[in-house]
Amino acid sequence: MKRTIFAFLASTVVALPVGAAEFTWAETTDPQTMDPHAVNSTPVLGFLNNVYEGLVRRGKDMSVEPALATDWEPIGDGEGWRFTLREGVTFHDGAEFNADDVIFSYERASDEGSDTRSWFAPISEVVKVDDYTVDFMTSAPNPIFPSSIANWMIMDSGWAEANNATLPDKENGNYATINANGTGAFKVTAREPGLRTELMPHDGWWGDVEHNITKATLTPIQNPATALAALLSGDVDFINPVPIQDVARLQSDPDVNVIQGIEARIIMLGFPHEADALKYSAETSDKNPFADVRVRQAVAHAVNVPAILQTTMRGNAEPASQLVSPAMNGYSEGLSERPAYDPEKAKALLAEAGYPDGFSFGLKCPNNRYLNDEAVCQAITGMLAQVGITATLDAMPVQNYWPELRADNYDMYLLGWSPGTFDAEHPIRFLAATPNEEKKLGSWNFGGFSNARVDELLPMIQSEIDADKRQAMLDETAKILQDEVAYVPLYVQPLVWGTRSNIELTQRPDNFFILRWVTVN
Amino acid sequence: MTDTQTNQAAPPEAVDKSLWQDFRESDFFYAFKRSPVALVSFAVVCILVLSAVFAPLIAPTNPFDPASLNLMNGFTPPLEPNAFTGDAFLMGTDDQGRDVFSTILYGMRISLFVGASAVLFAMVLGITLGLVSGYFGGWTETIIMRVADVQLTFPSILVAMLIFGIAKGFTPVEYRDQMAIWVLILAIGLSDWVQFARVVRGATLVEKSKDYVAAARLIGRSPWAIMLKHILPNALSPVLVIATISLALAIIAEATLSFLGVGAPPTQPSLGTLIRIGQGFLFSGEWWILFFPACTLLALALSVNLLGDWLRDALNPRLR
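Every value quoted in this text rests on a predicted model; they were computed, and no experiment measured them.

Observations regarding the overall build of chain B
When its secondary structure is counted, chain B shows 14 helices and zero strands. Tracing chain B from N to C terminus, the helices and strands come up as α-α-α-α-α-α-α-α-α-α-α-α-α-α. Summarising its shape, the C-alpha atoms of chain B cover approximately 75 × 65 × 35 Å along the three principal directions. Considering chain B as a whole, with its 320 residues, one finds that 42% of them fall into the buried category.

Looking at the pairing of strand E16 (residues 412-417) of chain A
Residue and element names in this part refer to chain A. Counting buried residues along E16, six of its six residues qualify, which places the element largely inside the surrounding structure. The alternating pattern of E16 places Met-412, Leu-414 and Gly-416 and Tyr-413, Leu-415 and Trp-417 on opposite faces, both of which are buried. Here strand E12 (residues 256-270) runs beside E16; their pairing, made up of five bridges, is antiparallel. Note on E16: the bridge partner recorded for Leu-269 is Leu-414. In this structure, strand E14 (residues 360-366) lies alongside E16, joined through two bridges in parallel fashion. Counterpart to Leu-363 in the pairing with E16 is Met-412.

Overview of the sheet that holds strand E7 (residues 133-138) of chain A
Hydrogen bonding along the main chain pairs the strands of a sheet, whether they run parallel or antiparallel. Residue and element names in this part refer to chain A. Strand order in the open sheet made by the four strands is E4-E5-E7-E6, with antiparallel pairing throughout. Each having just a single partner strand, strand E4 (69-75) and strand E6 (123-130) make up the two edges of the open sheet. Shown here is a sheet whose adjacent strand axes are inclined to one another by a mean of 20 degrees, direction ignored. Bridge count between strand E5 (residues 80-85) and E7: five bridges; the pairing is antiparallel. Considered in E7, the bridge of Gly-80 is made with Met-137. Across the sheet, helix H3 (residues 99-109) is in contact with E5, E6 and E7; its angle to E6 comes to roughly 165 degrees.

Focus on the UniProt feature "transmembrane region" (unreviewed entry) in chain B
Residue and element names in this part refer to chain B. UniProt tags residues 37-59, 110-136, 148-167, 179-200, 231-253 and 287-311 as "transmembrane region" (unreviewed entry). Its end C-alpha atoms 29 Å apart, residues 37-59 is made of 91% helix and 0% strand. Taken end to end, residues 148-167 is 90% helix and 0% strand, and its first and last C-alpha atoms sit 21 Å apart.

Observations regarding the interface of chain A and chain B
Contact with chain A, which involves 27 residues of that partner, is made by 22 residues of chain B. Here the side of chain A that touches chain B takes eight residues from helix H12 (residues 373-386) of chain A, the largest share from any one element. For the side of chain A that touches chain B, the per-class residue count stands at 12 nonpolar, 11 polar and four charged.

Topic: the packing of helix H4 (residues 36-53) of chain B against helix H6 (residues 100-136) of chain B
Residues and elements named next belong to chain B. With their axes 8 Å apart at the nearest point, H4 and H6 run at an angle of 105 degrees to one another. Accordingly, the angle class assigned to the pair H4 and H6 is roughly perpendicular. The residues of H6 that touch H4, namely those facing Leu-48, Val-49, Ser-51 and Ala-52, are Leu-105, Met-108, Arg-109 and Leu-112. Looking at side-chain class alone, the contact of H4 with H6 contains six nonpolar, one polar and one charged residues.

Re the domain arrangement of chain A
Residue and element names in this part refer to chain A. Domain annotation for chain A reports domain 1 (23-220) and domain 2 (263-494). Centre-to-centre separation of domain 1 and domain 2, based on C-alpha positions: 30 Å. Listed as interface residues are 20 residues of domain 1 and, on the opposing side, 20 residues of domain 2. Residues belonging to the side of domain 1 that touches domain 2 are distributed by class as follows: eight nonpolar, nine polar and three charged.

What to know about the packing of helix H12 (residues 223-259) of chain B against helix H13 (residues 271-279) of chain B
All names here are of chain B. Running from amino to carboxyl end, H12 crosses H13 at an angle of 40 degrees, the nearest separation of the two axes being 7 Å. Our classification of the angle between H12 and H13 gives oblique. You can see that H12 and H13 cross each other, and the crossing is right-handed. Contacts between H12 and H13 involve Glu-254, Ala-255, Thr-256, Leu-257, Ser-258 and Phe-259 on the former and, on the latter, Leu-271, Gly-272, Thr-273, Ile-275 and Arg-276. Tallied by class, the residues present in the contact of H12 with H13 amount to five nonpolar, four polar and two charged.

A look at the environment of Asp-411 of chain A
Residues and elements named next belong to chain A. One can find Asp-411 in the loop between helix H13 (398-406) and E16. Sequence spacing of Asp-411 and Pro-272 is 139 residues, and the spatial spacing of their C-alpha atoms is 6.0 Å. Not counting chain neighbours up to four residues away, the residues in contact with Asp-411 comprise Pro-272, Leu-278, Lys-279, Tyr-280, Phe-361, Gly-362 and Leu-363.

So, the environment of Val-56 of chain A
Residue and element names in this part refer to chain A. Position of Val-56 among the secondary structure elements: in strand E2 (residues 56-58). You can call Val-56 buried: it has 20 C-beta atoms within 10 Å. Sequence separation of Val-56 and Asn-151 is 95 residues, and the distance between their C-alpha atoms is 8.2 Å. Among residues more than four places away in sequence, those in contact with Val-56 are Val-64, Glu-65, Pro-66, Ala-67, Ala-69, Pro-146, Ile-149 and Ala-150.

With respect to the confidence of the model for chain A
Mean pLDDT over chain A works out to 90, with 96% of the residues at or above the 70 mark. Taken together, the stretch residues 1-18 of chain A has pLDDT below 50 and engages in two contacts with residues farther than four places along the chain or on a different chain.

Cut-off values and rules
In this convention, every chain numbers its residues from 1, walking through the sequence in written order. To read the labels, note that chains go from A and ligands from 1, taken in the order they are written. At least 70 in pLDDT is required for a residue's local features to be given in this predicted model, at least 80 for side-chain atom pairs to be given and counted, and no such filter applies to totals for whole chains, interfaces and linings, which use all residues. Under the scheme used here, helices are H or I runs from DSSP no shorter than 4 residues and strands are E runs no shorter than 2 residues, and both carry numbers assigned from the N terminus. To assign burial, the other C-beta atoms lying within 10 Å of each residue's own C-beta are counted, with C-beta atoms placed from the backbone; 20 or more indicates buried, 12 or fewer indicates exposed, and intermediate counts indicate partly exposed. A pair of strands is considered paired only if DSSP assigns at least 2 bridges between the two. Angles run from 0 to 180 degrees between N-to-C directions of axes, and those axes are lines fitted to C-alpha atoms, restricted for helices to the stretch in contact. Any two residues are considered in contact once their C-beta atoms, placed from the backbone, lie within 7 Å. UniProt positions are given in the numbering used here, feature names are shortened, and annotations may be inferred rather than shown by experiment. Residue classes follow a fixed rule: Ala, Val, Leu, Ile, Met, Phe, Trp, Tyr, Cys and Pro count as nonpolar, while Asp, Glu, Lys and Arg count as charged, and any other residue, Gly among them, counts as polar. By definition in this entry, angles of less than 35 degrees are roughly parallel, angles greater than 145 are roughly antiparallel, angles of 65 to 115 are roughly perpendicular, and the rest are oblique. Domain delimitation in this document rests on an assignment produced automatically or drawn from a domain database. Handedness of each helix crossing follows the sense of rotation of the near helix against the far helix: counterclockwise by less than a right angle gives left-handed, clockwise gives right-handed. One number per residue, pLDDT, summarises how confident the predictor is, and it ranges from 0 to 100.

Laid out in structure tokens, this is it:
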């Protein structure tokens, strides 16, 4: 009896602020790890942006703003950048944040086993000046460095050491794969991979609280129709994405809102440039037809992108001609024309390359990563069959997909790329530069595309301060990538979010869902 | 008088007739003629099976040939011309521009083939194990029947998914699409043999103590000959009933596995795959992608099941 009264009193004392609420949301893909340095992908980094923080962060309009650093300035004549750190910041476990954590996180994130390694390609050395000042020395002037590390998140060195997680482990995972300890506005209080991840506000957060969430729960729902049903019934407050075919119907429903935008993500086809032979050909094959640029051109002409946009995407996406969308900095205006749909030309190119009767190969595709990814791959399979090259389609969930690509188990694959820096240099560094462990380049260039001129241009683009000269070099690179058909860019992925009508939130074009901008009315 | 003479004078003709005549004059056929449920469900099964068998002749397009698809035909409502291509389709098209009617016919072939083969496989396996355990008894019986009991405690769809998952792991990717059908048959068959084994074992236990079996043993017939020639024929009618009902269940199991995305590949959809695809477009109003395959599956499974039900009553002497 006494106990009940006490419990009753306790519950009234900690009365919730007005309008405070619990919030539940569903996404197609579960963030595959809680380790901010292990996997460089939007589901992981987008989610962890709520938990961990970087020195700088992006605001609602994508502009770079101070986070764990209050200020930054170039050192000397472009020799590096000096960051002044925020004082009085604590991690979720109560530990103090200081320069040692920055140095530790730099070493961790630029380690060989880290997927974020190439962010630090321009860095020659990181120096701790005092407890709240750190210098990042660059091998060449690098004007975009501060904005390029907005997703580099700081981890507590003491916590990582105590839990034996000083380095990220992509394959086997470690303590940091299922636990998190950041400085962000929310802390992870429960984590069941693939089922449920629970977040609570971090009481000691340094920033001004805008949200009114007391508890937030993420439940991955792979089937978009099921997620939609959950939204309509009010089981979840927010889903990402809304199946594109249901946008029209949802717009007429007063209980839900549809928030549409254009994502920074380009969906493209990738090739095995370096492979000696096809892996999944039904004929015995000792050749790799995709090494021939004419075959790659044929693929580009065989895919009917307008039909995919019209039918599969229901008119909600724009065709793409380059590795970045027109909204990105450094987009090449003069190269906006994509190869026309022309099956006859594709057949002629194949015949010219020595494949008049076509060939068979294996197409790998994710089935829970991009909007309608499997349907798009199926459509592409049909279109390629019409010009005589027949694909065996193998669609799989994203957690199996990346390892397959890293192990070179594909003859062609589907990839989406969203430049974290919102700049055209980003995909060149990740997708077009010759893979090089030491220089931290080409880490997502699975097919090993390699072009000497592109490799030569990349460092020049990175250090060029004059905007016109930089654009000229970006244009040259884009032209080479188009001429060589390094990839076949297909379309810019649309961004479609759905919420209950009592939810207010901000949609960012990088498809990051930021919890601290959510208000539950 | 004359009639009797003619009949007596022409015995070969009577022999020719006898099987069909026997069947027509049997209680079984009489019961069949008198049961509207049996007649209707038999007719439905016949129509569906025949249209599946002759699908290449009936279907206007071949939906399994990716080169023949036109994506611009996607989402065409039934009997309405497509806004871009002007083509019209009896039951509309799905998201890939496949004609739903043709896809149902071709998909039904997969469903029926997988269902029938899986039942046949389960039947052969179950009969063999049932005969062996009933006839030999002892340790053989204990082991086989305990395995059967354990397997019965798991839902058969779970067992099928487990077998499917393991088998898929061992299949090279380039053959996965072709192998998917055989793996499905194996998975469903292995999850379904217990019913047959139990019934046949029961019948074997009853029959093996009878005098005619003892006689057969005395004249030195081998155990296998006794099992197959003497005991099995007496256990066949319950097996036939179980086989028919199992066929309906196997068709549904295949549809369930494909619906869950672990069965027939999306480029060669079965009825279950079609329903899975259609389910994604239910909210957006493209009802026909789900509706027609679901109705076909319902008609097929229901009529086979009703036929099995009727068969059970007809072959049960106590219910006559």
